[in-house]
Amino acid sequence: MFPCLEDSCSQHFKFVDLIVCGETVIRNNIDNKPLQLDSYDALSDLAVNILDPITANFLRPTITYGFASANLIKLKPKPTTPSIDQHCAYELNTRGKLINKRGGAAVDIRVDGLDALSCAKWIRSNLTFDRLYFYGKDSSLHISYNQHNSGLAYQLLRNPQTGRLYPKVLKL
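A brief look at the structure comes next. (Residues numbered from 1 in each chain as written. Predicted model: local features only at pLDDT ≥ 70, side-chain atom pairs only at ≥ 80, totals over all residues. Heavy atoms only, no water.)

**Points about helix H3 (residues 37-57)**
Here is step 1 of the chain: End to end, H3 covers 30 Å across 21 residues, agreeing with the expected 30 Å (1.5 Å per residue, within 8%).
Here is step 2 of the chain: The largest bend along H3 measures about 40° and falls at Ala47. (Helix = DSSP H or I, 4+ residues; strand = E, 2+ residues; numbered from the N terminus. Expected span 1.5 Å × (residues − 1). Bend = angle between axes of the 7 residues up to and from the residue.)

Structure below.
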(Lines give C-alpha, C1' and ligand atoms only; values in the text may rest on other atoms or scores of the structure.)
Protein backbone atom coordinates (compact mmCIF):
# COMPACT_ATOMS: atom_id res chain seq x y z
CA MET A 1 0.00 0.00 0.00
CA PHE A 2 1.34 3.42 -0.98
CA PRO A 3 1.87 5.98 1.78
CA CYS A 4 0.17 9.37 1.67
CA LEU A 5 2.40 12.33 0.87
CA GLU A 6 1.70 13.73 4.35
CA ASP A 7 2.91 10.52 6.04
CA SER A 8 6.22 10.69 7.92
CA CYS A 9 9.14 9.02 6.20
CA SER A 10 11.55 9.74 9.07
CA GLN A 11 11.75 11.55 12.39
CA HIS A 12 11.97 15.01 10.80
CA PHE A 13 10.54 14.60 7.30
CA LYS A 14 7.33 13.72 5.48
CA PHE A 15 7.24 12.27 1.98
CA VAL A 16 5.86 15.57 0.69
CA ASP A 17 9.10 17.30 1.77
CA LEU A 18 11.12 15.13 -0.62
CA ILE A 19 8.57 14.96 -3.44
CA VAL A 20 6.90 18.38 -3.70
CA CYS A 21 10.03 20.52 -3.57
CA GLY A 22 12.21 22.41 -5.94
CA GLU A 23 11.43 25.28 -8.20
CA THR A 24 10.37 23.28 -11.28
CA VAL A 25 7.87 21.08 -9.41
CA ILE A 26 6.27 24.00 -7.61
CA ARG A 27 6.27 26.47 -10.52
CA ASN A 28 4.74 23.95 -12.94
CA ASN A 29 2.44 22.24 -10.40
CA ILE A 30 3.72 18.84 -11.55
CA ASP A 31 2.25 15.58 -10.29
CA ASN A 32 5.60 14.29 -9.05
CA LYS A 33 4.41 11.32 -6.96
CA PRO A 34 6.39 8.08 -7.17
CA LEU A 35 4.59 5.22 -8.91
CA GLN A 36 6.77 2.50 -7.36
CA LEU A 37 6.58 1.45 -3.72
CA ASP A 38 10.37 0.91 -3.73
CA SER A 39 10.80 4.63 -4.46
CA TYR A 40 8.97 5.50 -1.23
CA ASP A 41 11.19 3.05 0.67
CA ALA A 42 14.33 4.62 -0.85
CA LEU A 43 13.16 8.13 0.05
CA SER A 44 12.53 7.00 3.61
CA ASP A 45 16.01 5.41 3.82
CA LEU A 46 17.54 8.65 2.53
CA ALA A 47 15.63 10.75 5.07
CA VAL A 48 16.49 8.46 8.01
CA ASN A 49 20.17 7.96 7.15
CA ILE A 50 21.13 11.34 5.67
CA LEU A 51 18.59 14.10 6.31
CA ASP A 52 17.71 13.28 9.93
CA PRO A 53 21.36 13.23 11.12
CA ILE A 54 22.02 16.54 9.33
CA THR A 55 18.93 18.01 11.01
CA ALA A 56 20.02 16.68 14.42
CA ASN A 57 23.52 18.19 14.09
CA PHE A 58 22.77 21.47 12.31
CA LEU A 59 19.44 22.74 11.08
CA ARG A 60 16.81 21.11 8.94
CA PRO A 61 18.21 21.28 5.39
CA THR A 62 16.29 22.97 2.61
CA ILE A 63 15.71 20.47 -0.19
CA THR A 64 16.30 22.31 -3.46
CA TYR A 65 15.76 19.26 -5.66
CA GLY A 66 14.28 16.00 -4.45
CA PHE A 67 12.51 13.06 -6.05
CA ALA A 68 12.20 13.26 -9.85
CA SER A 69 9.30 11.46 -11.52
CA ALA A 70 9.13 10.90 -15.27
CA ASN A 71 6.86 13.99 -15.42
CA LEU A 72 9.59 16.12 -13.86
CA ILE A 73 12.43 14.64 -15.91
CA LYS A 74 10.66 15.78 -19.10
CA LEU A 75 10.83 19.40 -17.91
CA LYS A 76 14.38 19.46 -16.54
CA PRO A 77 16.97 21.14 -18.74
CA LYS A 78 19.66 18.95 -20.22
CA PRO A 79 22.22 17.60 -19.51
CA THR A 80 21.02 15.08 -16.99
CA THR A 81 21.67 11.39 -17.22
CA PRO A 82 18.55 9.61 -15.93
CA SER A 83 20.23 6.18 -16.04
CA ILE A 84 22.49 7.24 -13.15
CA ASP A 85 20.26 9.95 -11.65
CA GLN A 86 19.28 8.71 -8.22
CA HIS A 87 16.67 11.46 -7.95
CA CYS A 88 14.49 9.01 -9.94
CA ALA A 89 14.74 6.40 -7.16
CA TYR A 90 13.12 3.15 -8.40
CA GLU A 91 10.82 4.56 -11.08
CA LEU A 92 10.36 2.76 -14.39
CA ASN A 93 10.69 4.04 -17.93
CA THR A 94 8.09 3.48 -20.66
CA ARG A 95 9.58 0.01 -21.34
CA GLY A 96 9.12 -1.06 -17.72
CA LYS A 97 12.85 -0.89 -16.89
CA LEU A 98 14.44 1.05 -14.03
CA ILE A 99 15.28 4.62 -15.06
CA ASN A 100 18.06 4.78 -12.47
CA LYS A 101 20.45 1.83 -12.60
CA ARG A 102 22.18 2.71 -9.29
CA GLY A 103 19.18 2.33 -7.01
CA GLY A 104 18.57 4.40 -3.93
CA ALA A 105 17.46 8.02 -3.87
CA ALA A 106 19.03 11.49 -3.90
CA VAL A 107 18.37 15.06 -2.86
CA ASP A 108 20.11 18.38 -3.35
CA ILE A 109 20.24 20.39 -0.13
CA ARG A 110 21.35 23.60 1.51
CA VAL A 111 21.83 24.06 5.25
CA ASP A 112 21.35 27.63 6.47
CA GLY A 113 24.48 28.97 8.13
CA LEU A 114 26.67 26.21 6.69
CA ASP A 115 28.48 26.38 3.37
CA ALA A 116 28.33 23.35 1.09
CA LEU A 117 32.01 22.42 1.60
CA SER A 118 31.63 22.33 5.40
CA CYS A 119 28.47 20.26 5.02
CA ALA A 120 30.24 17.88 2.61
CA LYS A 121 33.13 17.43 5.05
CA TRP A 122 30.74 16.66 7.91
CA ILE A 123 28.78 14.15 5.80
CA ARG A 124 31.97 12.46 4.62
CA SER A 125 33.20 12.09 8.21
CA ASN A 126 29.94 11.09 9.87
CA LEU A 127 27.51 9.43 7.47
CA THR A 128 27.31 6.48 5.12
CA PHE A 129 26.27 7.64 1.64
CA ASP A 130 26.49 6.58 -1.97
CA ARG A 131 27.38 9.71 -3.97
CA LEU A 132 28.12 13.28 -2.95
CA TYR A 133 28.44 16.01 -5.60
CA PHE A 134 29.90 19.37 -4.63
CA TYR A 135 29.13 22.22 -7.06
CA GLY A 136 30.66 25.07 -5.05
CA LYS A 137 30.65 26.53 -1.53
CA ASP A 138 27.52 28.61 -2.18
CA SER A 139 25.62 25.96 -4.16
CA SER A 140 23.36 23.10 -3.20
CA LEU A 141 25.01 19.82 -2.29
CA HIS A 142 23.87 16.58 -3.93
CA ILE A 143 23.74 13.52 -1.68
CA SER A 144 22.43 10.02 -2.36
CA TYR A 145 21.88 6.86 -0.36
CA ASN A 146 21.29 3.26 -1.38
CA GLN A 147 21.86 -0.30 -0.18
CA HIS A 148 25.37 -0.44 -1.65
CA ASN A 149 26.82 2.89 -0.58
CA SER A 150 30.08 3.73 -2.34
CA GLY A 151 31.06 6.81 -0.30
CA LEU A 152 32.26 8.53 -3.47
CA ALA A 153 32.56 12.33 -3.37
CA TYR A 154 33.08 14.49 -6.45
CA GLN A 155 33.50 18.14 -7.23
CA LEU A 156 31.74 19.06 -10.45
CA LEU A 157 33.76 21.49 -12.55
CA ARG A 158 32.75 23.29 -15.74
CA ASN A 159 34.83 22.78 -18.88
CA PRO A 160 35.51 26.31 -20.15
CA GLN A 161 35.45 25.22 -23.82
CA THR A 162 32.25 23.14 -23.80
CA GLY A 163 30.47 24.46 -20.73
CA ARG A 164 29.75 20.88 -19.66
CA LEU A 165 30.25 19.68 -16.10
CA TYR A 166 32.78 16.96 -15.37
CA PRO A 167 33.52 15.20 -12.07
CA LYS A 168 36.80 15.35 -10.20
CA VAL A 169 37.36 13.33 -7.02
CA LEU A 170 36.73 15.66 -4.08
CA LYS A 171 39.52 15.58 -1.54
CA LEU A 172 38.14 16.65 1.83
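**Focus on the side chain of His142**
Here is step 1 of the chain: In this structure, His142 sits in strand E4 (residues 141-145).
Here is step 2 of the chain: In terms of polar contacts, His142 uses its side chain to reach the side chain of Asp108, at 2.9 Å.
Here is step 3 of the chain: Residues within four places of His142 in sequence aside, it is in contact with His87, Ala106, Val107, Asp108, Arg131, Leu132, Tyr133 and Tyr135. (Polar contact = N/O pair within 3.5 Å; in protein donor to acceptor, adjacent residues only side chain to side chain. Contact = heavy atoms within 4.5 Å.)

**Thoughts on the packing of aromatic side chains**
Here is step 1 of the chain: Following the criterion strictly, the structure yields 4 aromatic pairs and no others.
Here is step 2 of the chain: Measuring from centroid to centroid gives 5.2 Å for Phe15 and Tyr40, while their planes differ by 75°, and the two rings are edge-to-face. Placement of Phe15 in helix H1 (residues 15-19) and of Tyr40 in helix H3 is noted, with a sequence separation of 25 residues between them. For the pair Phe15 and Tyr40, one class covers both residues: buried.
Here is step 3 of the chain: Every member of this aromatic cluster is reached through a ring pair, and the members are Phe2, Phe15 and Tyr40. (Phe/Tyr/Trp six-rings, centres within 6.5 Å; stacked < 30°, edge-to-face > 60°. Buried < 20%, exposed > 50% of the residue type's maximum accessible area, 1.4 Å probe, protein only.)

**Examining the pattern of salt bridges**
Here is step 1 of the chain: A full pass over the atoms with the stated rule returns 5 salt bridges.
Here is step 2 of the chain: Note that Lys14 is salt-bridged to Glu6, the shortest N-O span being 3.4 Å.
Here is step 3 of the chain: Residue classification places Lys14 among the partly exposed positions, given a relative accessible area of 34%.
Here is step 4 of the chain: The shortest N-O distance in the salt bridge between Arg27 and Glu23 comes to 3.1 Å. With Arg27 and Glu23 both in helix H2 (residues 23-28), this residue pair falls 4 residues apart, about one helical turn.
Here is step 5 of the chain: Glu23 sits in the exposed class, given a relative accessible area of 61%. (Salt bridge = Lys/Arg side-chain N within 4 Å of Asp/Glu carboxyl O.)

**A few points about the pairing of strand E3 (residues 131-134)**
Regular strands place their side chains on alternate faces of the sheet.
Here is step 1 of the chain: The alternating pattern of E3 places Arg131 and Tyr133 and Leu132 and Phe134 on opposite faces, both of which are buried.
Here is step 2 of the chain: One ladder, built from 4 bridges, connects E3 with strand E5 (residues 152-158); its direction is parallel. Its bridge partner lying in E5, Arg131 is registered against Leu152.
Here is step 3 of the chain: In terms of strand pairing, E3 meets E4 through 3 bridges, oriented antiparallel. (Pairing = 2+ DSSP bridges.)

**Side note on the pairing of E5**
Here is step 1 of the chain: Two elements, E5 and strand E6 (residues 165-169), share 5 bridges in a ladder whose sense is antiparallel. For Gln155, the partnering residue across the bridge sits in E6 and is Lys168.

**Here we look at the state of the cysteines**
Here is step 1 of the chain: Summed over the entire model, instances satisfying the criterion amount to 0 disulfides.
Here is step 2 of the chain: The thiol of Cys21 is unpaired, and the distance to the nearest cysteine sulfur, on Cys9, comes to 11 Å.
Here is step 3 of the chain: For Cys21, a relative accessible area of 7% corresponds to the buried category.
Here is step 4 of the chain: Of all cysteine sulfurs in the structure, the one in Cys21 sits closest to Cys88, which takes part in no disulfide; the separation is 13 Å.
Here is step 5 of the chain: Given a relative accessible area of 0%, Cys88 falls into the buried group. (Disulfide = S-S within 2.5 Å.)

**Some thoughts on the nonpolar core**
Here is step 1 of the chain: Leu18, Ile109, Ile123, Leu132 and Leu141 are the most contacted members of the largest nonpolar core, which totals 36 residues.
Here is step 2 of the chain: Where this core is concerned, the elements lending two or more residues are H1, H3, strand E2 (105-110), helix H5 (116-126), E3 and E4.
Here is step 3 of the chain: For this core, the element with the highest residue contribution is H3, accounting for 8 residues.
Here is step 4 of the chain: When neighbours within four sequence positions are excluded, Leu141 is seen to be in contact with Val107, Asp108, Ile109, Ala116, Cys119, Ala120, Ile123, Leu132, Tyr133 and Phe134. (Core = buried A, V, L, I, M, F, W, Y, C linked by side-chain atoms within 4.5 Å.)

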